[in-house]
Structure formats: structure tokens, C-alpha cells
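Chain by chain, the residues run as shown.
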Amino acid sequence: MGIPIKFEQRIDSPRWLILAVPVASLIAALLVGSIFLLATGHPPLDTFNSLLRGSFTTHRGFTNTLGLATILICTGLAAGFAFQMNLYNIGGEGQLYLGMIGGAWAGIALGDHFPGYLAVLLTLLFGALAGGLWVTVPAITKARFGTSEIVSTLLLNYVALNLVNYFIFGSKGFFRDPSTAFPQGRKVPDSVRLDAFGKTQTYPTIFLSVLLAVFLFWLIKKSEFGYRIKVLADSPKAAGYAGINAPRLTLSVLVISGALAGLGGAMLVVGPTGKLDPGVAGIGLGYAGIVVAALARYNFVAIILASVLFAGLRVGGDSLQISTDVPIHIAVIIQGAVLIFALGGEVFRKYRIRIVRPGSAAGVAA
Amino acid sequence: MNNNIWLLTFADSISIATTLILASLGALLTERSGVINLGVEGVLLMGVASTFLVSDGTGNPWLALVIGTCVGALLAMVHAVLCVVLRANQIVSGLALVIFCTGLANFLAKPIEGKPKRVQLNAIDFGPLSDIPIIGPLIFGHDLITYVTWLIVISASAYMFRTRPGLTLRAVGDDPATVDSQGLPVAAIRFGYTMAGGALMGLAGGWFMLARSAAWQQQATTNGIGWIALALVVFAAWRPLRLVFGAVLFGFTLQLPFTLQAEQIKVIPAAILPMIPYLVTLAALIAMSTPRARAVLGAPKALGQPFVRDER
């Protein structure tokens, strides 16, 4: 007995389902959002309409979305890259902060000593480095003892958050702007900052994000490094026979993952924030990156699309909060709901589902 | 004087352990049945939010706790539907739950942000018992739910290791195929324990609101306690009674920064102070995964694996 549903494994899933599942998930999530909007006395259609205006259907909204997507792609790639080896790096949030710290340090300390383009590169590099370093303890302990990287990377997010708060609110040190009494980050020199396109919030770093996504796509599909990752992910035993050093590969994959999230943090420094900005913590870009990666089913190119969608939800939510009294958290509800429905919908891709009537032949066979 | 402060800190650690015990016992039950629910932090937060809303609306703390508990069970049901029925990835589902709950809790409670709570759980009056030195404040200074929690955790241990359903619970997490071959419904059992676990997490959040927080504050409310609770399950080697010791220890690390700050004791740099609970948890997690510790630990063998009979 039990649940009267029978799952028949599909050998290959129909193509239309690959698109239908995410689209249906988004619609279902919007419906869930509508319920909460209605329950709190907000008209859903008007709300979604202004959400769209703030994020996609206006020039200003869309360029804001692309600006945020630039960073979200990085944290999405970070989560997606680790997942290629069935590793869950939930620490993207903290690694992003560290990327901001590393980037701001390089920008302030080295920015004036190098020509502009080199200074920008160094800032990005130091951000990635800091993000990669931040994940070394979870990475080493995972590789060495098998410590759950899920909980260890997550715990470090809170440590990183407190570190940022200490640098800006708790001390008057290097990262704090010395010219104002108001606690805020010290700006990096102008030479370290890239110019946005026109009067938008989109920065040239978006090309870097997209390029990285394509590169990682190639790396996993075509390179020998990617092949080793795939073998180890599919069968640790086979990897052992093939002479793949599993601990070392685990370590490198997690560190690269951390570096990707860190790079996102540094992109904030060379772009919109120009400093170590504790306000970024409120956006939850690291956590959203995990959702984006899962929604894109860890396909690096799909991560770009999912990032734009989620960045749009966030940016639209922000503009909602300003223009109406709908809390921005409606965007977070929708983000979570999309993933929940997409996960549920996955089952339709993997299995053919039959409802088994009690007493029927199939029911007995099951 | 100084002694008094430390005594209070210990008493507070025992008090705050209530949330940790409830939340991690919820995670423990879920995991013992073979399902891993990473959504603890989110369910906890929704427990906090719903308990606050109901207590604010009705002024009845007990009703609020019941609702908070039910909300926890309902949210865990989402996880159970995804993971047990639809066989989705349990890790991702748990994370999705965290994000959904965080958004929902903040959305629902936005209009009342910063509003002080209307009712709170008070310590039970034990009369002269509370005046016993040391033992008084440590043991006889808590509210009803704390004592109920102690009772729950002792019964959970007895249930798991001394009763037949408890044996089934452990078996379903270790070897679902055998349980299945005995004609017991693996999926239904896992579904039930996942929901029961969620109920405990919801109660953990509700108690946290009514006993420990002054007002509903956006964002910072649970501050990672749910994740600490998950690490605590590993620390306790999936045994309820060990949770109690772990919870008091972790409760102490949560309390310590406040005491050190209040007392102006500068043994630890101010920058590190608020990081202590997370760093200690991380250290404990790593220590418990060394080969020697692993040999005595007993993670449920089928943890995180959906049970699929057809493919056997």
C-alpha cells in the first residue's frame, strides 16, 4: 500500500518539458505570490505590472536588472560549478563579502600605483583570491575528512557578515571612510572603477560574467579537467581506478567555486559600490546564486538566463517597495516558490507518472 | 559579583538551549527517518513570525505556540512532498524552503517591524526552590515550555531506543528496503517524521519569539540558529540525549559574547566576539568528522537517499 502513484523512469525526457517545467514553475510561483498579495490587500496584477516596469519593460529597469545579473551570474556559477561534483557550496554569500573586502583592499592599497586597467584587473583578482581563500577551511576538511561542506560553508557566511560589519561599524580601520562620521566604506580611487554604459547601472563586467559562463560550459564539457570532475561525480570508484586524486580535485573545485563568488564581490567594487558596502548583505546575492544555479539545473549558459530573471525579480521588488507599499520580500517568496515548483516539476521530466487505482493489475504489481 | 554574572550566563545558556534542542531534535527525527531537511533556519523563522503574529493578534501565547508548531509541520510537509513523494533533491529542496520561508516571514511581518511583543512566557514560580544557591537559577528558573522540552527530549530518546515504532524509525533511515520487505510503508513513515520534525522546528521558533526576543525584528531574528541546530545533530551523533549537552554548550557560545561585552572582559577581540558561535560550531563539526570520531558516530545509512522500490 502507500501512495497510489507509480513512477516509471523515462529513458529520455521530451524536449518540450525542458522549457515547460521552468515556465510552469514561474507561473505557479506568481500564483503563490498573488495569494499572499491578496491576503495582505494588494492587487496582484497591478503589483506584478509595476514589478515588470521596474525590472524588464523599461530601459531603466532592464539595465538595472542587467547590472544586478552581472553579480548574480558569478554567484550562480559558483554554486553551479561546485555542483558539477555534487558539492554544495552554500557559502557564496560569505565568499562574495570576502571578494568585496579583497577587492576594496586591492583597490585602495594598490589602485594608485598601477595604470587604470591593470588596477581594475588586480582588484578583480584579489577579490577572487579572497573568495577562494575563504572557502579553504571547508574545502580542506571536506577533502580530508568528508566534513559536510554544506553546513561549514554556510556557517562561514555569518562569520563573513560579522567581519564586514566590524570593518565598517565596529572599527575605524583601513576600510572605513575617514572623512565622514557616518560609518561607510572608504572609496577606491576613481581609476579603479569602470564606467557604466551611459546613464545605466550596467557595467562592462557583464561581459566578463557571460564570458566566464561560456568558458565554464566549455571547461566541463570539453576539457580534461572537466572530464575528471564528471568521472568523480558519477562514480568515485571509477575515479579511483582512473588515478584521479579525489581530495585534490575536491579542494580545487571548491576553491574555484569560492573564487567565482569572490569575483562577484570584486565586480561590485569596480562597478556600482566602489567600496566595501555592508548594504550588499541585504540583497542576499550569494543565496540567490544557489537558487539560480538549481533552477538552471546547473547548466552554465542557462544560469545566465536564470540570473537575469532573478535579478529582475529583485530589482522589480526594490522599485515596488519605493512606488507602492508592497514589501520587497514578495520577490524572495516568488524566488523560493519558483525553485520549489521547479523541483517538483523535475519529477515529470524524470518519470512518467501513473495514478494507480487500487485493485488494478498495476497496483498489485507495484 | 563576577560569579553571579557567570551563573546567570549559564542559566541563560540552559534557557536558550531550549530552541536549539527543539530545532535540532526536529532535524534529528527527520534525519533518522532518512530525510535531510536543511530548511531548519527557514522553518524556525516562520515559527517566530507566525507565533508573533498570532500572539500579537490574540494575546494568547499558547494559541500562538500551537499555530507556530502547525506552521512548522505544514512547511515541512512541502519538503516531504518534494523529497519523499516526488523524490526531488533533498539538499536543494531544503534550501528552497529556507529562501521561501525567509521571504514569507519578512513579508508577513513587515508591517509590524520593531513592534514589541504583547505577551511573553514567564518563568514558573517554584517558590523556595528557586532560592537554592546555583541549582535554583539553573534548574528552577525557566518557563513551562523549557520543561516540556526536557520531557520531549527524554521521551524521544526512550521512544527511539526502547519502543517498536522507534526501532522502525531507526530502521527506515538505515535500511529502508528491509522495512519495506516487512510490509511497512517507507514513504508514509518518512513523510510523517519529516512533518513531526517540522512541528518541533516551528515550536522552537515560537518559543524563541515568546521567551527570548523582545520584538519582531526583520532579518536578524534567528541569526543562523537553525544552521547551528543542524550541526548539533552531527555533534550529538544522532542521539537525542546527547543533543541536550550539545545544546547547552552551543547555547553558552551564543550567550558568551553578550556577557563578555557587558562585563567589558577583553580576552577576545571585539571583532571576533559575535563570530564565536559560528566558529565554535564549525570547529565542532570538523572535530566530529575526523576518522576517529566518525567510527563512533552513526549517521543514518540511507540519509538523503530517496527510497525507490521499483528499481531494486
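This one's a predicted model, so the numbers in the text were calculated from it and none came from an experiment. Along each chain, residues carry numbers from 1 onward, in the same order as the chain's sequence is written. Chains carry letters from A onward and ligands carry numbers from 1 onward, assigned in written order. Only residues with pLDDT of at least 70 get local features here, since the model is predicted, and only at 80 or more are side-chain atom pairs given and counted; chain-wide, interface and lining totals rely on the full set of residues. Side-chain metrics rest on all non-hydrogen atoms present in the structure, leaving aside hydrogens and water.

(A) Quick look at the overall build of chain B. A count of helical and extended segments in chain B gives 13 helices and 0 strands. We compute the radius of gyration over the C-alpha atoms and compare it with the globule rule, which gives 2.2 Å times the number of residues raised to the power 0.38. The C-alpha radius of gyration computed for chain B amounts to 20 Å, which stays within 12% of the reference 20 Å derived for 312 residues, consistent with globular compactness. Projected onto its principal axes, the C-alpha coordinates of chain B cover approximately 65 × 45 × 40 Å. For every residue, the accessible area (1.4 Å probe, protein chains only) is compared with the maximum for its type, and the residue is labelled buried under 20%, exposed over 50%, or partly exposed between those bounds. Every one of the 312 residues in chain B was classed for burial, and the buried ones make up 57%. Contacts: residue pairs with any heavy atoms within 4.5 Å of one another. Sequence-distant contacts in chain B: of pairs separated by 6 or more residues, those separated by 24 or more amount to 78%. Only the protein chains shown count as covering a residue, and every accessible area follows the Shrake-Rupley method with a 1.4 Å probe. Per element, the accessible surface of chain B, about 12400 Å² overall, is 67% carbon and sulfur. Side chains of chain B give 19 positive and 14 negative charges; the mean places of these two sets differ by 7 Å. Put simply, DSSP marks the helices as runs of H or I at least four residues long and the strands as runs of E at least two long, and each gets a number from the N terminus on. Lys and Arg are tallied as positive, Asp and Glu as negative. Neither His nor the chain termini are counted. By convention, charge coordinates are those of NZ in Lys, CZ in Arg, CG in Asp, or CD in Glu.

(B) Here's a closer look at the overall build of chain A. Looking only at helices and strands, chain A features 15 helices and 2 strands. Against the compact-globule benchmark of 21 Å for 366 residues, chain A has a radius of gyration of 22 Å, which places it among compact chains. Dimensions of chain A, computed from the C-alpha atoms along their principal axes, are close to 80 × 60 × 35 Å. Taking the contacts inside chain A whose residues are at least 6 apart along the sequence as the reference set, 76% of them involve residues at least 24 apart. Total accessible area on chain A stands at roughly 16200 Å², and carbon and sulfur atoms take up 66% of it.

(C) Spatial organisation of the packing of helix α10 (residues 225-235) of chain B against helix α12 (residues 276-288) of chain B. Residues and elements named next belong to chain B. Direction vectors running N to C along α10 and α12 enclose 30°, while the axes themselves pass 9 Å from each other. As judged from the angle between their axes, α10 and α12 are roughly parallel. For α10 against α12, the interelement crossing comes out left-handed. The residues of α12 that touch α10, namely those facing I228, A231, V234 and F235, are P277, Y278, T281, A284, L285 and M288. All residues other than Ala, Val, Leu, Ile, Met, Phe, Trp, Tyr, Cys, Pro, Asp, Glu, Lys and Arg, Gly among them, are scored as polar; the first ten of these are nonpolar and the last four charged. For the contact of α10 with α12, the per-class residue count stands at 9 nonpolar, 1 polar and no charged. With axes taken as lines fitted to C-alpha atoms, and helix axes fitted only over the stretch in contact, angles between N-to-C directions fall between 0 and 180 degrees. To sort the angles, those under 35 degrees are grouped as roughly parallel, those over 145 as roughly antiparallel, those from 65 to 115 as roughly perpendicular, and the leftovers as oblique. In this scheme the crossing of two helices becomes right-handed for a clockwise turn of the near helix relative to the far one and left-handed for an anticlockwise turn of less than a right angle.

(D) Broad picture of the pattern of salt bridges. Counted as salt bridges are all cases of a side-chain nitrogen of Lys or Arg within 4 Å of a carboxyl oxygen of Asp or Glu. For the structure on display, the rule yields 6 salt bridges over all chains. Between E346(A) and R297(A) there is a salt bridge, with the nearest N and O atoms lying 3.2 Å from each other. Note that E346(A) is positioned in helix α14 (residues 329-350) and R297(A) in the loop between α12 (285-295) and α13 (300-323), a separation of 49 residues in sequence. Overall, E346(A) belongs to the buried group, its relative accessible area being 18%. The partner of D12(B) in a salt bridge is R212(B), and the shortest N-O contact between them spans 3.4 Å.

(E) Representation of helix α2 (residues 40-58) of chain B within the structure. Residue and element names in this part refer to chain B. For a helix, the expected span equals 1.5 Å multiplied by the residue count minus one. In this model α2 runs 26 Å from its N-terminal to its C-terminal C-alpha over 19 residues, within 8% of the 27 Å that 1.5 Å per residue would give. Counting buried positions along α2 gives 16 out of 19 residues, so the element sits mostly inside the fold. G59, located one to two residues past α2, shows a positive phi value of around 75°.

(F) Quick look at the interface of chain A and chain B. Chain A puts 49 residues into the contact, and the matching count from chain B is 46 residues. Here's the idea: put two parts together, see how much 1.4 Å probe accessible area each one loses, and the total over both is what we call buried area. Both sides together, the interface formed by chain A and chain B hides about 4300 Å², and carbon and sulfur atoms give 79% of it. Seen at the junction of chain A and chain B, the total is 0 salt bridges. Taken together, the residues of the side of chain A that touches chain B sort by class into 36 nonpolar, 12 polar and 1 charged.

(G) The arrangement of helix α4 (residues 92-110) of chain A in detail. The terminal C-alpha atoms of α4(A) lie 26 Å apart, and with 19 residues this matches the ideal 27 Å at 1.5 Å per residue to within 8%. Within α4(A), 17 of the 19 residues are buried, leaving the element largely enclosed by the surrounding structure.

(H) The side chain of T273(A), seen in detail. Tracing the sequence through the fold places T273(A) in the loop between α11 (246-270) and α12. What T273(A) contacts, discounting residues up to four positions off in sequence, is K187(A), R193(A), L268(A) and V280(A).

(I) Structural context of the environment of L254(A). Residue and element names in this part refer to chain A. Checked against the element boundaries, L254 lands in helix α11. Sequence separation between L254 and A78 is 176 residues; the distance between their C-alpha atoms is 8.6 Å. Discounting residues that sit within four places of it in the chain, L254 has contacts with A82, L87, N89, V135, A139, K142 and E149.

(J) View of unusual backbone geometry. Residue and element names in this part refer to chain B. If you check the backbone angles, R87 has positive phi at about 60° while not being a glycine. Mapping R87 onto the fold places it in the loop between α3 (61-85) and α4 (90-109). When its relative accessible area of 14% is taken as the criterion, R87 is described as buried. In this structure, W238 is a non-glycine residue whose phi angle is positive, near 60°.

(K) Structural detail: the confidence of the model for chain B. All names here are of chain B. Per residue, pLDDT captures the predictor's confidence, and it can take any value from 0 to 100. When pLDDT is averaged across chain B, the result is 88; 95% of the residues are at 70 or more. Taking the mean pLDDT of every element in chain B, the minimum, 69, falls on helix α13 (residues 291-296) and the maximum, 96, on α3. For this predicted complex, the interface score ipTM comes out at 0.88, while the overall pTM is 0.90.

(L) How the structure looks around a nonpolar patch on the surface. All names here are of chain B. Judged by side-chain polarity, L129, I132, I134, I135 and I139 come together as a nonpolar surface patch covering roughly 390 Å² of accessible area. Tracing the backbone shows I134 in the loop between α4 and α5 (135-139). A relative accessible area of 51% places I134 in the exposed class. Here a patch means residues that are over 30% exposed by relative accessible area and free of salt bridges, tied together within 9 Å if like-charged and within 5 Å if nonpolar (Val, Leu, Ile, Met, Phe, Trp, Tyr).

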